[in-house]
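So you can see what is in the structure, the chains are spelled out below.
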Amino acid sequence: MESLTRVVVTGVGVVTSIGVGREVFWRHLLEGQSGISPVGSFDTSRFQVHLGGEVKAFRPEESVKHLPPESMGRGSHLAIAAARLAIEDAGLKTDDIDPMRVGVSMGTTSGEPKWIEQFDDRELAGKRDDIGEEFLNRYPCHVLAANVASELGFRGVNLVIPTACAAGNYAVAHAFDTIRCGDADVMLAGGSDPFSRITYTGFARLGAIAPERCQPFDKHRRGMIPGEGAAVLVIEPLARARARGARVYAELAGYGLSCDASHMTAPQSDGPVRAMQAALKDAGLAPHQISYISAHGTGTPTNDRVETLAVKQVFGEAASSVPMSSIKSMLGHTMGAASAIEAVACALAVWDDHIPPTINLDEPDPECDLDCVPGKARRATVEAAMNNAYAFGGNNASMIFRKCSDSDT
Amino acid sequence: MSEVVITGVGLVCALGDQSSRVHEALCAGEDGFDPSPIPGAEFEGYRVSAIREFDPRHYLGAKNLRPLDRTGRLVAVAAELALADSGWSVDRRRAQDVGLVLGTAFGSTKTIGEFDRRAMQEGPEYASPLDFANTVISAAAGQGAIWHHLRGVNSTISTGLASGLHAIGYASQLIRSGRATALLAGGAEELSFELLLGYVRAGLSCAPGDVPRPFDRRRSGGILGEGAGFLALEESELARSRNARVIGRVEAFGAGYDSRATMAAANGPNALRAAITRALGSAGPQGVGAVMSSASGHPLLDAREAVAIRDALGDRADLVPVTTIKGNLGETQGAGGALQTMVMLESLRARRLPPVGGLEQPDERFGLDFVTGAPRSIDVTRALVTALAREGNACALVVSVD
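Everything numeric in this text was worked out from a predicted model, so none of it was measured.

Thresholds, definitions, all that
- Residue numbers restart at each chain and count upward from 1, following the sequence in its written direction.
- Whichever chain is written first becomes A and whichever ligand is written first becomes 1, with later ones labelled in order.
- pLDDT decides what is reported in this predicted model: residues at 70 or higher carry local features, side-chain atom pairs at 80 or more are listed and counted, and totals for whole chains, interfaces and linings draw on all residues regardless.
- Only hydrogens and water are set aside when side-chain values are computed; all heavy atoms of the structure are taken into account.
- Runs of H or I in DSSP of at least four residues are treated as helices and runs of E of at least two as strands, each being numbered from the N terminus.
- Values of the radius of gyration come from C-alpha atoms, whereas the globule rule sets the reference at 2.2 Å times the count of residues to the power 0.38.
- Burial classes follow relative accessibility: with a 1.4 Å probe on protein chains only, a residue under 20% of its type's maximum area counts as buried, one over 50% as exposed, and anything between as partly exposed.
- By the convention used here, residues are in contact when the closest approach between their heavy atoms is within 4.5 Å.
- Surface accessibility in these figures is a Shrake-Rupley result with a 1.4 Å probe; residues are shielded only by whichever protein chains are displayed.
- Asp and Glu count as negative and Lys and Arg as positive, but His and the ends of the chain are not part of the count.
- The location of each charge is read from NZ of Lys, CZ of Arg, CG of Asp or CD of Glu.
- By definition, the buried area sums, over both parts, the 1.4 Å-probe accessible area that each loses when the two are put together.
- Salt bridge, as used here, is a side-chain nitrogen of Lys or Arg placed within 4 Å of a carboxyl oxygen of Asp or Glu.
- For the purposes of this description, domain bounds are those given by an automatic or database domain assignment.
- Within 3.5 Å is the distance limit for a polar contact, defined as a pair of N or O atoms, with the added protein rule that one can donate a hydrogen and the other accept it, and that residues adjacent in sequence qualify only through two side-chain atoms.
- Nonpolar cores were defined as sets of buried Ala, Val, Leu, Ile, Met, Phe, Trp, Tyr and Cys residues, with membership established by side-chain atoms within 4.5 Å.
- With axes taken as lines fitted to C-alpha atoms, and helix axes fitted only over the stretch in contact, angles between N-to-C directions fall between 0 and 180 degrees.
- Roughly parallel means an angle under 35 degrees; roughly antiparallel means over 145; roughly perpendicular covers 65 to 115; every other angle is labelled oblique.
- Crossing handedness is defined as follows: a turn of the near helix away from the far one that is anticlockwise and smaller than a right angle gives a left-handed crossing, while the clockwise case is right-handed.
- Gly is placed with the polar residues, together with every amino acid not listed as nonpolar (Ala, Val, Leu, Ile, Met, Phe, Trp, Tyr, Cys and Pro) or charged (Asp, Glu, Lys and Arg).
- In short, DSSP must find at least two bridges between two strands for them to pair.

## Structural notes on the overall build of chain A
Then comes step 1: Assigned secondary structure in chain A consists of twelve helices and 15 strands.
Then comes step 2: For a compact globule of 409 residues, the expected C-alpha radius of gyration is about 22 Å, and chain A comes in at 20 Å, within 12% of that figure.
Then comes step 3: Burial status across chain A gives 68% buried among its 409 residues.
Then comes step 4: Intrachain contacts of chain A at a sequence separation of at least 6 include 79% that bridge at least 24 residues.
Then comes step 5: For chain A, the exposed surface amounts to about 13100 Å²; the carbon and sulfur share of it is 47%.
Then comes step 6: The averaged location of the 50 negative side-chain charges in chain A is 1 Å from the averaged location of its 38 positive side-chain charges.

Structure representation (C-alpha cells):
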C-alpha cells in the first residue's frame, strides 16, 4: 500500500484577547494572562453578566489591504489578520505557489452576525427600507473563507465548516485530508468568530455564563465566558516543507469525528469517547503516548465533569498522568475560533515543549480529578498533543499533533 | 481508496417529495412558483418556490416536533426519505454508524432573526433557550442526527449557493479516505422573511410577474426557493455486504474559488472550469453525456457557468446537453446542488433530461447545447453536476449509473 502523505503545520497566526501573533500569544498563554474584561462591543446593562473575552485595539485596515474593510464584518477582519500572520510566520512566498493549489478551510459558529443584527435593528426601528443588499451578500458565513482568499489571492478549495464550537478542529481536519488526497499543496485552516450579542444572549439564557471568572475544572466553577478571536494554521506536506526549508511546528497525526445524536446542548461522554478513540487509531498512537490534552474545558459544571469522564474512559490508567489544561480559562470561549486557537496551542506545545496552564483553578473539583495544570505553565517533553472540541448538536472532534524531528522526511 | 456508491435519495421541494415525480414534473415543464406566502408590501407581486402545506408529521410521525425549526424539519424529512429509500432501517443503524453532512448557506435565518429581535425588543431574559440551540448554523444537522440516531460523522458545509453540492463532495471524500462508511449528504435551505427580503434587496429576483430564464438572453434574475435533499452515500463493499440497491456512483469531485474581483466579469480566470477539469480527471470529458448546471437566471453567474462548462468540455461542448432545474424550482440556495444531483441521477435512469425552464432565446455566445422546450432523450451513464456561488465558490461532481 502506498504510504500516506505526511502533513505538517508550518505557520500559525492568532488574533486573541491576550495577544496578536504567535510570540505574544504564546508568551501570554504560558504566563497565564487573562483576556477577560467588561464587554465593550454592546450594552450588557440588561444582562446579569457583563464579562467577555474581546480583542481590543484591533485595526482591520492594517490587515485588510486589498478589499475595502467596510465591505465585510469583523469575523472576516479577524480571519484575514490571522491568515496574514500565519503566512508570514510560515515564511511562505505566495508568489512561488500556484494560487489554484492553495485552499482555505475555516470554521465558525456565527460567521458575520453583525449583518443580521443590523437587519434586526432596522426592522425593529421600523426602518425596513434601510435593509439593503448587504444582508444577503455579507451575512452568509462562507464569506469568512471567501474574503480570506479574495484578499490574499488564493483560488483552491474554499469552504466554511460552521460546526459551532468544534468548527476549528473540523476545518483543520478537512485541510489535513485535502492535502493528503492531493487536492491542494498548501491549506490555510482555522476558525474565526467575532463577539456576538446573539451568542451572548443565548449563553446568558442557558445560565452558562460565569459572572466573574472562567474556572475550568474548579469545584466552584460557574460557567463559560464568551470570547472572540481567530486562528489560522498553514498546513502543507512535510516533503514540501522540507524542500523549502520551512520550520515545522508539528505533524498532524490523525483525527476523529463523531456525533452524540442525543441532545442539542447537553454534553454526553459517549460521542467524545468515540472521537478520541478514532483520533488515536488514525494517528496509530496508544493513549499513554499522548503527552498533553487541550481540553474543550468550557468551565460549565456539566462539560468539565462529562469531559473528565470521557478522558478517563479512553485513557484508562494513563488518564491521571496526562496533563490536560483549558486555555478557555484565559481566553474565554471563542466559539468557532476556539479549537483553532487551541490547535495553535497544541502545535506550539509540541514544538516548544511547554504546556499552558488552566488559570483560576483554585480548588479542583473531585469529579474533575485529572492533572489540569493549575495556575502555572509546565515544561515537559510534548511528543504528542490531543485537541478536543465539542459543540451544540453533539458534534465532536479530536485532533492529534505529533512532534516532527529534523530527521523526519 | 474506497468506491462511493449511492444507495438512496430523499428530497422535499416545491415540486414534490419523490425524485421520479420531481423529474417528471420538470420534464412536463411544471414549475413550483406561487405568490409569496410571506406577508409584506415589499413582496407584492413576487413569487417564490415554497413547499406548499409542508407537513413534517406526515413523514416523521407524532413525535414532538417543537425542538426543530423549519430548516431542522426539512432536514429531518429529507433524511427520513433517504434512509427509507436506501434501506437504512433503525436496526441497521444500531449496528453500523451512519453520519450526516449538511450543506446550507444560512441555517435558519428565521430562528436567528426572531431570537435576536425578541431579545432586543423585550430583553434578553425573554429570549428562548430552546431556540438558541437552533441559532447555530449546524443546528439542523445536529437535529437530524438526534431525530434519526445518526452517530457517525456529523458536519455542515457552507459555500453559499454551492453548499449542497460541496457537501456531497466532502462526504464522498470522507468515505473514499476510509473515515466514514455511510453518510447522508446533501443540503437544505428554508424560505424565510429575512432571506426573501435580502434576495429582493440584493436585486437577485427577476421582475415580479416574470420567470427565471437561465441561459436566456433576457435573463434578469431568479426566484427564491426552499427545499432539502440527501443522497445516501456509502462505501461500495458495505453496500454489497448488506445487499443494498445501488442507484449510482459518485465518481469524482473538484472545487475551487474565484475572487470577488474575478467574479465581476463573465470572462477571465474561472475556478469552476478548473474544478470541472479536476473532477473529470485523466479521462477528460470523454464519456460525460449530460450536464446539470446551477444556472438560475442570474445575468453574470449563468454566463460564468456557461463559459466554464464550454471551456472544460472543449471539443465536446456542443455534443453534451446542458440543463438546470432552477428555471422551474427557483434558487433553493444550499439545497440546490443536492436537488440537481438527484434530478440528474433520475434523468440518467429515465434516459430523459428535463428542459431549462423559461429558456426561449438561448444566449448564442455560450456555445452550449441547452435543452429547450421539451425533454431530451439521452442514452448515457455518466454526467456532470456543477455549482457556482456568487462569492466565487465553485464545484463540480461527476456521477454515473450502471
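Moving on from the coordinates now.
## Some words on the interface of chain B and chain A
Then comes step 1: The partner chain A presents 76 residues to the 72 residues of chain B that form the contact.
Then comes step 2: Between chain B and chain A lies a buried interface of about 6000 Å² when both sides are counted; carbon and sulfur atoms form 60% of it.
Then comes step 3: Summed over the three residues of chain B that lose the most area to chain A, namely Arg179(B), Tyr257(B) and Arg260(B), the buried surface amounts to 12% of that side.
Then comes step 4: For the interface between chain B and chain A, the tally reads ten salt bridges.

## Considerations on the domain arrangement of chain B
All names here are of chain B.
Then comes step 1: Its domain assignment divides chain B into domain 1 (4-248) and domain 2 (252-400).
Then comes step 2: Residue-level contacts link 64 residues of domain 1 with 62 residues of domain 2.
Then comes step 3: Summing the contributions of domain 1 and of domain 2, the shared interface buries around 4800 Å²; its carbon and sulfur component is 66%.
Then comes step 4: Looking at the side of domain 1 facing domain 2, the largest losses of area belong to Leu161, Leu165 and Phe215, adding up to 21% of the total buried there.
Then comes step 5: For the pair domain 1 and domain 2, the number of links is four salt bridges.
Then comes step 6: A salt bridge links Arg218 to Glu360; the nearest nitrogen and oxygen atoms lie 2.8 Å apart.
Then comes step 7: The tally of links between domain 1 and domain 2 comes to 21 residue pairs in polar contact (both at pLDDT 80 or more).
Then comes step 8: Taken together, the elements giving at least two residues each to the side of domain 1 that touches domain 2 come down to β1 (4-13), α1 (19-27), α8 (163-176), β6 (182-189), α9 (193-201) and β7 (227-235).

## Some thoughts on the nonpolar core
Then comes step 1: Core analysis: the biggest nonpolar cluster contains 154 residues, and Ile235(A), Phe401(A) and Leu233(B) have the highest contact counts within it.
Then comes step 2: Of all hydrophobic cores here, the second largest spans 36 residues; its members include Leu78(A), Ala145(A), Val186(A) and Ile137(B).

## Details of the environment of Pro355(B)
All names here are of chain B.
Then comes step 1: Note on placement: Pro355 falls in the loop between β11 (352-353) and β12 (369-370).
Then comes step 2: Separated by 322 residues in the primary sequence, Pro355 and Phe33 place their C-alpha atoms 17 Å from one another.
Then comes step 3: Beyond its immediate chain neighbours, meaning those up to four positions away, Pro355 contacts Leu26, Cys27, Thr323, Thr324, Asn328, Val371, Thr372, Gly373, Ala374 and Pro375.

## Notes on the packing of helix α3 (residues 70-86) of chain B against helix α7 (residues 139-148) of chain B
Residue and element names in this part refer to chain B.
Then comes step 1: Where α3 contacts α7, the two axes come as close as 8 Å, and the packing angle between them is 45°. Relative to α7, the element α3 is oriented oblique. Both α3 and α7 take part in a crossing whose hand is right-handed. Contacts from Thr71, Gly72, Val75, Ala76, Ala79, Glu80 and Leu83 of α3 reach α7 at Ala140, Gly144, Trp147 and His148.
Then comes step 2: In terms of residue class, the contact of α3 with α7 is made up of six nonpolar, four polar and one charged.

## Re the side chain of Lys328(A)
Residue and element names in this part refer to chain A.
Then comes step 1: Along the polypeptide, Lys328 turns up in helix α11 (residues 328-331).
Then comes step 2: A residue is classified by how much of its surface remains accessible, and Lys328, at 1% relative accessible area, is buried.
Then comes step 3: Of the polar contacts made by the side chain of Lys328, one reaches the side chain of Glu342; its length is 3.0 Å.
Then comes step 4: Sequence-distant contacts of Lys328, that is, excluding residues within four places in its chain, are made with Cys214, Ala295, His296, Gly297, Thr298, His333, Ala338 and Glu342.

## Concerning the pattern of salt bridges
Then comes step 1: Taken as a whole, this structure holds 62 salt bridges over all chains when the rule is applied.
Then comes step 2: Arg197(A) is paired through a salt bridge with Asp116(B); the nearest N and O atoms lie 2.7 Å apart. Taken together, the positions of Arg197(A) in helix α7 (residues 197-205) and Asp116(B) in helix α5 (residues 109-122) put the pair across two chains.
Then comes step 3: For Asp116(B), a relative accessible area of 2% gives the class buried.

## Considerations on the domain arrangement of chain A
Residue and element names in this part refer to chain A.
Then comes step 1: Split into domains, chain A comes out as domain 1 (7-243) and domain 2 (254-402).
Then comes step 2: Put simply, the middle of domain 1 and the middle of domain 2, counted by C-alpha atoms, are 20 Å apart.
Then comes step 3: Every contact between the two is made by 61 residues of domain 1 and, on the other side, 67 residues of domain 2.
Then comes step 4: Approximately 4800 Å² of surface area, both sides summed, lies buried where domain 1 meets domain 2, with 68% of it carried by carbon and sulfur atoms.
Then comes step 5: For the pair domain 1 and domain 2, the interface holds four salt bridges.
Then comes step 6: It is helix α6 (residues 167-180) that provides the largest number of residues to the side of domain 1 that touches domain 2, a total of eight residues.
Then comes step 7: Looking at the side of domain 1 that touches domain 2, its residues break down into 29 nonpolar, 23 polar and nine charged.

## Here we look at the pairing of strand β15 (residues 393-400) of chain B
Residues and elements named next belong to chain B.
Then comes step 1: The element β15 is largely enclosed, with a buried count of eight among its eight residues.
Then comes step 2: Every second residue of β15 is oriented toward a common face, with Asn393, Cys395, Leu397 and Val399 on one face and Ala394, Ala396, Val398 and Ser400 on the other, all of them buried.
Then comes step 3: Bridging between strand β8 (residues 248-257) and β15 involves eight bridges; their strand directions are antiparallel. If you follow Gly256 over to β15, its bridge partner there is Ala394.
Then comes step 4: Pairing analysis gives seven bridges linking strand β14 (residues 382-388) to β15, with the strands arranged antiparallel. Looking across to β15, one finds that Ala387 is bridged to Cys395.
Then comes step 5: Linking β14 to β15, which pair antiparallel, is a turn of four residues; within it Gly392 sits at a positive phi near 110°.

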